[in-house]
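# An overview of the molecular structure
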Amino acid sequence: IIPEKVVSELFKVFVESSNYKLKSSVFSLILRCFSQRTELLKSLSHLHVITHDKEIELLRWLKENLSQFKQLGEKSELALRYWDQDVQKRRKFKKKFNEIIWILKNLELVLYEETYIVEQKPLVGDNRNISKSRQQMLYFLEAHDLITKLIKDGMHTLKELCSDPNKEAEACKLKQLFTLCHKILRKFVTRNSKNQKKLEKSVHLFSKYLSIDVGQIPLICEIYRENMQLILNINPEILYSVKTLIETKGRDPMFLEFFDTIQVCNETPIQQVQIMVLNLFIGEHPNKVLLYLNENLDFYFEKTLERDKPVAYHRKLVKVLAKSGYGKLGMYLNEAKCQKIFPINKIIEILFEAEEGQSELHSLKIPVLDFFQHIYLECEKFNEEVRESEKFLEYINFQAHKLRASEEINQHMIEFLRVWVKTLRLYCHESKNMSKQKEDYEAIKNYVEALTESGRLFSEGIIPSKLLSDIQALCNYFDYDFLFSVNVSDAEEDELDPLAPPSLFKGTSVYGFYEESCCDVFKSWKKVKNELVHDEGIKHLLKLEDKALRVAVYNIHRMDESINFEKVAKALVEFIRLGRNQTSNEMTLKAIEFLAALIADPVCEKMEEPEKVKLEVQEKLNSYGAGRVSLTLLCDSSVDMSVFKALMKLSVQLLDNGNQKVQQEFYQFFINVPYSEVFFERVHNLFKEHTKKVSNNPPVTKKKAPVYKKKESKIKTVLRLLQLLCENHNDLLQNYIRHQHKSRTNYNMIHDIINLLENLVQKKYARTFLEISQCLDTLTEFVQGPCMKNQESIIDSQFLEIATGILSLNERAEEIEIYDSLKEDYQRGTPSELTGDYGGVEVLSGWMIAHLKYKCMITLLSLLEGRKDSFAITRLIRALNIEVLKENLVSVFTSYTEFYGGDFYDKEVFNHFLDNENYNSHSAENSQDLNPKYYQTIIEVGFMIYHLMKYFNDSDEPENKEIIENELFELQAKVEDESSFPGSKLLGGLSRIGMAFLKSGISTVSRLAGRQASSQKFQERQKTLESAYDFFERNTGNIEVVFMENLTKIYFYLPPEVKGLSEEIKEQFHLEVDRSSDQSKLKSLVDSAELTIEKMQHEHSLRKFFDRNKVISAIASNVSLWRELAFLMTLCLNFILIFSYSRYNTDRKDEPSLFYYESSGSDYGLGKKSTETLIMSLGFVQTISCLMIVMFFFMKVGPLLARRGWLAKEPSSEFWKAEPRWTKVLWKRALQVISAFLTLLSNFEVIYYSAYMAFSVMGTFGNHLFFSLLLLDIINRYPSLQNVIKSIVKPKKQLLLTFLLTLIFVYLFGIIGYLFLQDFFGNDCDSLFKCTITIWDQGFKNDGGIGGYLGDWGNSTDWLRLTYDNLFNIVILIIMMSIVAGNIIDTFAVLREELEANTKDRQTKCYICGLNRDYIERKTSRSFRFHALKEHNEWNYILFIAYLLSKDETEYSGIESYIREKYNEHDVSWFPQHNALSIQDQDKSQETKLIDTIRSLESRVSLLEKHIVN
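Values in this document were obtained by computation on a predicted structure and should not be read as measured data.

### Remarks on the overall build of the protein chain
Secondary structure summary: the protein chain contains 73 helices and 8 strands in total. The proportion of buried residues among the 1510 residues of the protein chain is 48%. Looking at the protein chain alone, contacts between residues at least 24 apart form 73% of all its contacts between residues at least 6 apart. Total accessible area on the protein chain stands at roughly 75,300 Å², and carbon and sulfur atoms take up 53% of it.

### Thoughts on the state of the cysteines
Counting across every chain of the model gives 1 disulfide. No disulfide involves Cys787; its sulfur sits 8.0 Å from that of Cys726, the nearest cysteine.

### Things to note about the environment of Glu970
Among the secondary structure elements, Glu970 is positioned in helix 51 (residues 969–979). A relative accessible area of 9% places Glu970 in the buried class. Setting aside anything within four residues of it in sequence, one finds Glu970 in contact with Lys886, Gln1022, Leu1025, Glu1026 and Tyr1029.

### Comments concerning a nonpolar patch on the surface
Together, Ile1274, Tyr1278, Leu1281, Val1284, Ile1285, Ile1288, Val1289 and Phe1388 make up an exposed nonpolar region whose accessible area comes to about 580 Å². The leading source of residues in the nonpolar patch is helix 63 (residues 1279–1289), at 5 residues. Mapped onto the fold, Ile1274 is located in helix 62 (residues 1273–1277).

### Thoughts on the pairing of strand 7 (residues 1036–1043)
The element strand 7 is extensively covered by neighbouring structure, given that 7 of its 8 residues are classed as buried. By the bridge criterion, 8 bridges tie strand 7 to strand 8 (residues 1046–1053) in an arrangement that is antiparallel. Its bridge partner lying in strand 8, Glu1040 is registered against Lys1049.

### So, the packing of aromatic side chains
For any pair of aromatic rings, the description rests on two quantities: the centre-to-centre distance and the angle between the ring planes. One pass over the full model with this rule turns up 80 aromatic pairs. Ring centres 5.6 Å apart and planes at 50° place the aromatic pair Phe392 and Tyr427 in the tilted group. Residue Phe392 is found in helix 23 (residues 390–405), and its partner Tyr427 is found in helix 24 (residues 411–430); the two are separated by 35 residues along the sequence. When the centroid spacing of 6.3 Å and the interplanar angle of 25° are considered together, the rings of Tyr946 and Phe1032 count as stacked. Remark: Phe1032 occurs in helix 53 (residues 1015–1034) and Tyr946 occurs in helix 49 (residues 939–954); sequence separation between them is 86 residues. One cation-aromatic arrangement involves Arg682 over Phe644; the distance from NZ or CZ to the ring centre is 4.4 Å.

### With respect to the environment of Met228
Within the secondary structure, Met228 sits in helix 13 (residues 228–232). Considering only alpha carbons, one finds Met228 and Asn266, 38 residues apart in sequence, at a separation of 8.2 Å.

### Digging into a positive patch on the surface
A cluster of basic side chains, namely Lys42, Lys197, Lys198, Lys201 and Lys709, defines a positive patch on the protein surface. Secondary-structure assignment places Lys197 in helix 10 (residues 193–200). Given a relative accessible area of 51%, Lys197 falls into the exposed group.

### Observations regarding helix 9 (residues 168–189)
Here helix 9 is 22 residues long and its end C-alpha atoms lie 31 Å apart, about the 32 Å a rise of 1.5 Å per residue gives. Taken from the residues just after helix 9, Arg191 is the one with a positive phi, measuring 55°.

### A few points about the packing of helix 4 (residues 53–74) against helix 8 (residues 143–162)
Contact geometry for helix 4 and helix 8: axes closest at 10 Å, N-to-C directions at 25°. Here helix 4 lies roughly parallel to helix 8, going by the angle between them. The two elements helix 4 and helix 8 cross, and the hand of that crossing is left-handed. Across from Leu66, Phe69 and Lys70 in helix 4, the residues of helix 8 making contact are Ala143, Leu146, Ile147 and Leu150. Residue composition of the contact of helix 4 with helix 8, by class: 6 nonpolar, no polar and 1 charged.

### Section: unusual backbone geometry
With an omega dihedral of 0°, the bond running from Gly785 to Pro786 counts as a cis peptide bond. With respect to the helices, strands and loops of the structure, Pro786 is situated in the loop between helix 40 (769–783) and helix 41 (788–795). Unusually for a residue other than glycine, Glu226 sits at a positive phi of about 55°. Here Glu226 shows up in the loop between helix 12 (216–224) and helix 13. Of note in the backbone geometry, Ser1421 takes a positive phi value of approximately 60° without being a glycine. For Ser1421, the location among the structural elements is in the loop between helix 69 (1413–1420) and helix 70 (1424–1431).

### Points about the packing of helix 25 (residues 439–453) against helix 26 (residues 465–477)
Here helix 25 crosses helix 26 at 130°, and the two axes come no closer than 10 Å. One element, helix 25, and the other, helix 26, form an angle in the oblique class. In this structure, helix 25 crosses over helix 26, and the sense of that crossing is left-handed. Residues Ile444, Val448, Leu451 and Thr452 of helix 25 form the contact with helix 26, whose participating residues are Ile471, Leu474 and Cys475. Per-class residue counts for the contact of helix 25 with helix 26 are 6 nonpolar, 1 polar and no charged.

### So, the confidence of the model for the protein chain
Considering every residue of the protein chain, the mean pLDDT works out to 82; 86% of them sit at 70 or more. Segment residues 486–518: pLDDT under 50, and 72 contacts once partners within four positions in sequence are set aside and those in other chains are kept. In the predicted structure, residues 995–1013 sits below a pLDDT of 50 and forms 15 contacts with residues beyond four places in sequence or in another chain.

### A closer look at the side chain of Asp1365
Position of Asp1365 among the secondary structure elements: in helix 68 (residues 1359–1404). Overall, Asp1365 belongs to the buried group, its relative accessible area being 9%. A distance of 2.6 Å separates a polar atom in the side chain of Asp1365 from a polar atom in the side chain of Arg1361. Here Asp1365 is in contact with Ile1346, Gly1347, Leu1350 and Trp1353, once residues within four sequence places are set aside.

### A short note on the pairing of strand 8
Of all 8 residues that make up strand 8, 6 are buried, and the element is covered over most of its length. In textbook terms, the turn of a hairpin is the stretch between consecutive antiparallel strands, and for strand 7 and strand 8 this stretch comprises 2 residues, one of which, Met1044, has a positive phi near 55°.

### Considering the pattern of salt bridges
Using the criterion set out here, one finds 66 salt bridges in the structure. Its salt-bridge partner being Lys466, residue Asp470 comes within 3.2 Å of it at the nearest N-O pair. Here Lys466 and Asp470 lie together in helix 26, a separation of 4 residues that amounts to about one turn. On the accessibility criterion, Lys466 (38% relative accessible area) is partly exposed.

### Some details on helix 12
Here helix 12 lies mainly inside the structure; 9 of its 9 residues are buried. Remark: Glu226 follows helix 12 within two positions and exhibits a positive phi of approximately 55°.

### Brief notes about the nonpolar core
Counting residues in hydrophobic clusters, the biggest one holds 203 residues, and the most contacted among them are Phe670, Phe687, Leu722, Phe799, Leu860, Phe952 and Phe1032. Ranked by residue count, the leading element in this core is helix 44 (residues 846–862), at 11 residues. Among the nonpolar cores identified, the runner-up in size contains 139 residues, and Met228, Tyr292, Leu361 and Val421 belong to it.

### Some remarks on the environment of Leu280
Within the secondary structure layout, Leu280 lies in helix 16 (residues 271–281). Look at Leu280 and you get buried, because its relative accessible area is 7%. Placed 40 residues apart in sequence, Leu280 and Tyr240 show a C-alpha to C-alpha distance of 7.8 Å. Once residues lying within four places of it in the same chain are set aside, the contact partners of Leu280 are Leu239, Tyr240, Lys243, Phe259, Asn287 and Leu290.

Conventions used here
Residues numbered from 1 in each chain as written. Predicted model: local features only at pLDDT ≥ 70, side-chain atom pairs only at ≥ 80, totals over all residues. Heavy atoms only, no water. Helix = DSSP H or I, 4+ residues; strand = E, 2+ residues; numbered from the N terminus. Buried < 20%, exposed > 50% of the residue type's maximum accessible area, 1.4 Å probe, protein only. Contact = heavy atoms within 4.5 Å. Areas by Shrake-Rupley, 256 points an atom, 1.4 Å probe, with all protein chains shown as cover. Disulfide = S-S within 2.5 Å. Patch = residues over 30% accessible without salt bridge, like charges linked within 9 Å, V, L, I, M, F, W, Y side chains within 5 Å. Salt bridge = Lys/Arg side-chain N within 4 Å of Asp/Glu carboxyl O. Pairing = 2+ DSSP bridges. Phe/Tyr/Trp six-rings, centres within 6.5 Å; stacked < 30°, edge-to-face > 60°. Lys NZ or Arg CZ within 6 Å of the ring centre and 35° of its normal. Lys, Arg positive; Asp, Glu negative; His and termini not counted. Charge placed at Lys NZ, Arg CZ, Asp CG, Glu CD. Expected span 1.5 Å × (residues − 1). Axes fitted to C-alpha atoms, helices over the stretch in contact; angles between N-to-C directions. Parallel < 35°, antiparallel > 145°, perpendicular 65-115°, else oblique. Left-handed = near helix turned anticlockwise from the far one by under 90°. Nonpolar A, V, L, I, M, F, W, Y, C, P; charged D, E, K, R; others polar. pLDDT = per-residue confidence, 0-100. Polar contact = N/O pair within 3.5 Å; in protein donor to acceptor, adjacent residues only side chain to side chain. Core = buried A, V, L, I, M, F, W, Y, C linked by side-chain atoms within 4.5 Å.

Encoded structure:
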């Protein structure tokens, strides 16, 4: 735990210091403070434990002698020239020289397993196997460095002595010394990959003085032996050095050992090296010296150089040339070169010469036959010259005669037969045209007969089992049995080259290897160390350690107010910039990595969104110059590759999520800085090198890396960087990636990536899975937007063929293979060509193939984005095999039904691919490996394939239509059936299906016959295909949108919440829509979309809940029954109540008794108790029904309303940044609860159903007369009555104002009555208030208004009374009441008209485009219903918005980004207003017909003119 004060002071020094070395040291110290666990693990991984006392004693001896050796080595220049010193010094330095020799001799002995120290001297036991433990001891004691340094300092001295004839004796002594050095180093690296890697850095030193033979070649061979990683990165200069050595010193077979070693690793040919090696021997012209050829290009065996060994050299040369042809695929050019320089007749000639008794060529026989196998037989293309060679047939017959003449089978003949029998087997296998009438058949048959006749000769010997199986297989070709009486060897004989140098111990290497048996303590320690170093659980602790440093940087201002994050970040950027001119890159590299980590995982406060915080950090660091510095260094050709890789990671983090400001910074740099082309050049070279590496070699099998090592592919980082440059459809960078118009040299990144992708897909290695996926992601980002030029560039490349290859793979197969139904289309290829020759390398698994298909389909659909021309769709239809698409559709649907069942469709079905990008090939705990079926079931692939088929079907090009009618007749028939009028469905559908079957019937039958598939299997496949079509059609939506001023159709999968789209939601939506104009309808759709989606999602959640709870589901699915039952109970109860309450001068006012009346003295009726029981029983049923209704209502509406209220009071991010106390948090939560409660109470339906339930309970358990209020539910049950209420409620403002005016008039009449007509009112007008109240009360109750209440006038005529009475009657009763009635009646009429207009609008007008029904049907010849459901379904538009809202914005296509932007702005310009694709197509077809008519008329006119002329 580092004190905060120390950390802050260190950062302060780092920020304020201007000395680079000081900053570098301080930064190193800061990193070490926060990487203690990592350093501990590194130390543990390098720790080697020894347990035996003898081993410990040996270690002490080694330390002591290596210390002495180090001291001697420091003065080696004098010791190596002791003879040039005076007498006294000569004696002294000669002694030192001899001490060096003595130590080296003993060091060589130490490497043997049974060597121990006895009396301070190594004593060697009988077992001389090399000990890995001793190798490790020397490694940790750095003995190799001391010896290498001695070689480096002394070899030039040896060279000088060798050039002086007078110093021959001294040169011999130094040769002895350096031979020991190389010998020790050779044993030091034998079968030890770690030591090999260490010494590989010094290979240039060992190859510097190859002209002086002190064991360099065997050492270099052992460094590279069986080490794929080192061989792949071999420096070509070493090959040229060996070539020069042969040309100058002579044809010594030892020199060829190097070429023999590096071409094949662990029985896997390395094409890259094979090509390099063969080019040395046979470039544009054959190298006569290396090939030991004369002027006539024939082999000869005369010595012309110092170290020539003709026969031995030819023997090794043939072996090297044979290895250059190993591997059946991709080696045709090498094989052709070898065949040209070593023709078949020459091979047979040498074989005949080798058969001569005393011939020195006898040892060439087996190597030449091995060459013949690999170059002529086991090759990519069979050479017909072999079959036509009479000498070859003559040699076969010669061997048959020789075998018959043999009296015994010796070991040499066994060796020959092992190669010769295999050669004949390969010939029979490769020569497919060999028949019984051919001479070759007769010759081989003759030899087989001789072989079977000689079976008796094997009775006294032992046949290796491999040879026996080859003999039996060869005999089987000719229906012969090989009869023998022999003991078969269980163990295979040693297959090492008999001419190779003697092995140090028996094993697979020339020098061998011994794995010592460890003691229990050592095994336990090794187990503990491996668990610690590779434990995934520790990785979490390391991440916490890394995070602690980032937290310290982000919060540095809290430790010391004088510095902050900005100062530290700027100091880091400046430190990286200054590191450009430094010799060491280590700290610069770490600074770049740390800066990238700061962006990758920013420290967020509570409730902060990580993406927003990351965006802020990106923009801050970019403003501090991080982007500029990164670009400057990326475009510097002198920057080391490790730094370049780190800079790319930093750039990836700066650009992550498509930061547009950083993108603009990159673009401006590219177009304004001339040397920016260096970046594209380096990236181009990276792609080129990686493509070559993938093409020629399998991936290196790496050991599981320690947890502290971060494993990332360099090429994947490059691809990710290019993807992010184009993220968010940046068309400027999309085009610049393809064509750098501001640079002198252009590098087309699209072609580079496709070339890489082609090689990766061809190999299909599992370790390159993420690279293939990233290639597809990057290509997708290049074209989305859309970028038309990039689309065309990809379409014109090999990408469509690559895509077909990916889609042809069967992800459901156990091994990698194409679909069974497609093998007929590839019948010309061999099985290895179909699936690849993997040589035991792990290949793509099923879930990986499914993931790559998902990525590939995204890219394919992106190629169609935004295009109105037929270029892209035509190329796709012609390039993609429709059968491949069908097979994928069947495969995906089958996987889906097996995993989920056919009826399940929910969000769990989707996004099975999300974790795939995090797959760790070194871990055994990947979820993909534990549950491959889940990750293999990617339903999105099926949807995208179906959508692509629909796009194909929509194409109006005549040639495309013909292809689709033939290949997709099932889909087209389905579409036509849906689109036709009911009257024409049958005839039209049958005719089209019939035509489709007629066109495709022959090809289908032939395909079936070729595959030899049973009719039952085919029928099952067709049935599955039909089910797949139905499933994807049922769950696919489509919309038409205006994009780039063109009308475009989009297909998308329906989000699972479509199941929650109930008729109730639809009806409510249509009732609330503003239908005043076409624009207002679309705006209503956009404005209410999220609310509607929220309802759908909640409805879907309820349905899932009901499905899990069958009892609740049974109740909820019968809500209408509960409503009917509740209303029936309400009617019954009120019928009982009206006949149960009577008083008749008794006290029984509140005591119900049905049909019982005391006043009539009747005896019939129910008593009080019985009536009460009846009401309670019916009331209980009614209450239960009410409870079910209200509970269901609150389940549907309650959570939605509560959520809205809760979110309305959600605290902002600033609230959480302030780190509020718990009291403030509690207060905020309380406000949210209150807001949710008030939102519920403010809803009318909530109040209504709450009152409904309350009245039911009070009626049952309180006063039964509350049941009467439940009769008001009739208004809710009948919409027509709702309109009656609405006609009163809707004009509430007018009615209220009318009421106020009426009140004013009454008040005025009250004043007149009070002043002038008190006598008529009597005591009811003693005050103005009482008079006004009397007029309001009596004026509306009496006929004639207030006049009817005041009574007669008397005998006299009172004009005031006359005027008063009639004026009240006219103004109040007639005019004001008529106004009230008029408002209500008019409103009712308007509501009725709106309902009728709404219904008419829905029935006769398209909601989306606004076109009339008659116009649509006339123009399209299709029903309006088809148009409203299939073309312009308003619910599809809402579901598409739901689809967009649920999708990650970085995954949007160009058109989806455009629509989301318009949706956010509430802009409806993307809707197809007064337009439709079907109408456009009809207009086009009419126009086409008109043009055809004109052309026909023109042709007729021209014919008439010719007739007239004639």
